[in-house]
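Now for the letters of each chain:
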Amino acid sequence: MSARIFSPAKTAMQSGPARTGYWVLEFEPEAPRKIDPLMGYTASADMKSQIRLTFETKEEALAYAEKNGIAFRLEEPNKPKRRQVSYAENFRYDRKIPWTH
């Protein structure tokens, strides 16, 4: 029974950092998923795959895993590299590449 602790990234539909910054503890799948032959649904007998615990901080998630004897893998979040872009840069007279329509 091993788990993964991570901070989820914002979705592609989000422009801001709202609903991010929390930490999640999810269990790794112990058995592969199978396709139901009658209906074609994907099913699994692994009940721990349905558990998803959220925590305010990374330290809380680590303390919970250590307290309950859960082996875990910590994944640090990648911070995006932001470049400051100004709309006025399009109209500079000393541009290296001329701006045209």
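This section reports on the structure supplied with the text. (Residues numbered from 1 in each chain as written. Predicted model: local features only at pLDDT ≥ 70, side-chain atom pairs only at ≥ 80, totals over all residues. Heavy atoms only, no water.)

1. Here we look at the packing of aromatic side chains
Evaluated as defined, the whole model comprises one aromatic pair. Ring geometry for phenylalanine 55 against tyrosine 64: centres 5.5 Å apart, planes inclined by 45°, an arrangement best described as tilted. Across the ring face of phenylalanine 6, the terminal group of arginine 4 is positioned such that the distance to the ring centre comes to 4.0 Å. (Phe/Tyr/Trp six-rings, centres within 6.5 Å; stacked < 30°, edge-to-face > 60°. Lys NZ or Arg CZ within 6 Å of the ring centre and 35° of its normal.)

2. Looking at the pattern of salt bridges
Summed over all chains, the structure comprises seven salt bridges. In this structure, a network of salt bridges that share partners links the residues Arg4, Glu26, Glu28, Arg52, Arg73 and Glu75. (Salt bridge = Lys/Arg side-chain N within 4 Å of Asp/Glu carboxyl O.)

3. Points about the sheet that holds strand β6 (residues 71–75)
The strands that make up a sheet pair up through hydrogen bonds in the backbone, lying either parallel or antiparallel. Ordered by their spatial adjacency, four strands build an open sheet running β5-β2-β1-β6, and the pairing between neighbours is mixed. On the outer flanks of this sheet lie β5 (52–55) and β6, each paired with one strand and no other. Shown here is a sheet whose adjacent strand axes are inclined to one another by a mean of 20°, direction ignored. Where strand β1 (residues 2–6) meets strand β2 (residues 23–27), four bridges bridge the pair, whose relative direction is antiparallel. Within the sheet, the bridge partner assigned to alanine 3 lies in β2 and is phenylalanine 27. (Pairing = 2+ DSSP bridges. Helix = DSSP H or I, 4+ residues; strand = E, 2+ residues; numbered from the N terminus. Axes fitted to C-alpha atoms, helices over the stretch in contact; angles between N-to-C directions.)

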